[in-house]
Structure formats: structure tokens, C-alpha cells
Amino acid sequence: MSVSIALHLLSVILWVGGMIFAHMMLRPAAVRVLEPPLRLALWVQVFKNFFLWVWIAIITLLATGYWMVFGVFDGFGNVGLHIHIMHGLGIVMILIFMHVFFVPYRKLRHAVIVENFQEGGAKLAQIRQLVGINILIGLAISIIASAGRYI
């Protein structure tokens, strides 16, 4: 179980930490130094690289989480409320990510290719809002997962 917990935690750190870095450090720096066309092209490349790692994190989170719930605890009936909350919020995060990946990110990539920078900016703003929501959910999950049984 220690390997599953470690992989689970590393996946959370990668996903949530990556979102925080992109949203709170990279974005403000890119706004200060890059013109919108270059900024949009940068984000397409950043997302291309980051989203591959998010997919890996999601697969790892689901595999390790379900293995622990069903392989160690013999099902959801034997885990605490904090695990149910973590699971539910994690599914919400995955659904938000999938929406970002399949809708606004796809449209952002297309907008950059056809040089429709206004549309690209609108899609980037939409992604930023959804990532902000996922950051808050991810931080809440982290608190619930680590301290939930004590609350």
C-alpha cells in the first residue's frame, strides 16, 4: 500500500502543483513579457506538454485509488467519509480537465493555427477560469485527504 500512496500523492503534486505554477507564476510572467500572439502559442505548447502529464496523473490516481479502496479496504463501505468526498471531488476535477482538454484547448490550438488571436484569447481565458476552479478543488481535496479523518 505504501507504493500506491506514494504514487497517488506524487500524481496529486504533479497535477495540482503544475496548475498552481502555470496559473500563478507562468501566466503573469507571460503577460508581462509576451505579445498576445506569442503568448497564445506559448500556452498551446505548455498545455501540450502539461496535459500529457495530467493524463498520466489521472490514470495513476484512479488506478492507485481504486486499488487501495477495493484491494486493501474491500470497497467504499469500509472507508471514511473523507475518502468518499476525496473521490467525488476528484471525479469533478477529472471531468473539468476533460472538458478543458476536449473543448477550449482544442479551440485554442485551432485559433492559434488560423491566427484568430481574439478567439484564442477567449479560449485561454476560459481555460484559466476552469484551471482556477480545479486548483481550489485540488487544494480542498489535499486538505480533506490529509486531515479528513481528524475533522
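Refer to the structure presented above.
Criteria and thresholds
- Residues numbered from 1 in each chain as written.
- Predicted model: local features only at pLDDT ≥ 70, side-chain atom pairs only at ≥ 80, totals over all residues.
- Heavy atoms only, no water.
- Helix = DSSP H or I, 4+ residues; strand = E, 2+ residues; numbered from the N terminus.
- Expected span 1.5 Å × (residues − 1).
- Bend = angle between axes of the 7 residues up to and from the residue.
- Buried < 20%, exposed > 50% of the residue type's maximum accessible area, 1.4 Å probe, protein only.
- Contact = heavy atoms within 4.5 Å.
- Salt bridge = Lys/Arg side-chain N within 4 Å of Asp/Glu carboxyl O.
- Phe/Tyr/Trp six-rings, centres within 6.5 Å; stacked < 30°, edge-to-face > 60°.

Tell me about helix H1 (residues 2-33), and please be specific about residues and values.
With 32 residues, H1 extends 44 Å between its outermost C-alpha atoms, agreeing within 8% with the 46 Å of an ideal straight helix rising 1.5 Å per residue. Where H1 bends most, at Leu26, the angle is about 40°, and the proline Pro28 comes one to four residues later. Within H1 the residues assigned to the buried category are Ser4, His8, Ser11, Trp15, Val16, Gly18, Met19, Ala22, Leu26 and Ala30. Tucked into the core, H1 has its buried residues touching helix H2 (36-72), helix H3 (81-102) and helix H5 (117-147).

How would you sum up the pattern of salt bridges? Please name residues and give values.
Applying the stated rule across the entire model yields 1 salt bridge. For Glu119, the salt bridge identified is with Lys123, shortest N-O distance 3.9 Å. Linking Glu119 with Lys123, this pair stays in helix H5, spanning 4 residues, or about one helical turn. Relative accessible area serves as the criterion here: at 32%, Glu119 is assigned to the partly exposed category. On the basis of relative accessible area, Lys123 is assigned to the buried category, the value being 15%.

Just give me the short version of the side chain of His82, but keep the residues and values in it.
Turning to its location among the elements, His82 is positioned in helix H3. Beyond its immediate chain neighbours, meaning those up to four positions away, His82 contacts Ile144, Ala145, Gly148 and Arg149.

Describe in detail the packing of aromatic side chains, supporting the description with residues and values.
Within this structure, the stated rule accounts for 17 aromatic pairs. Where Trp55 meets Phe101, the ring centres are 5.3 Å apart and the plane angle is 90°; that geometry is what we call edge-to-face. Of this pair, Trp55 sits in helix H2 while Phe101 sits in helix H3, and the two are 46 residues apart along the sequence. In this structure Trp55 comes out as partly exposed when scored by relative accessible area, which is 24%. Relative to Tyr105, the ring of Phe101 lies with its centre 5.8 Å away and its plane at 35°, an arrangement referred to as tilted. Of the residues examined, Tyr105 reaches a relative accessible area of 4% and is grouped as buried.

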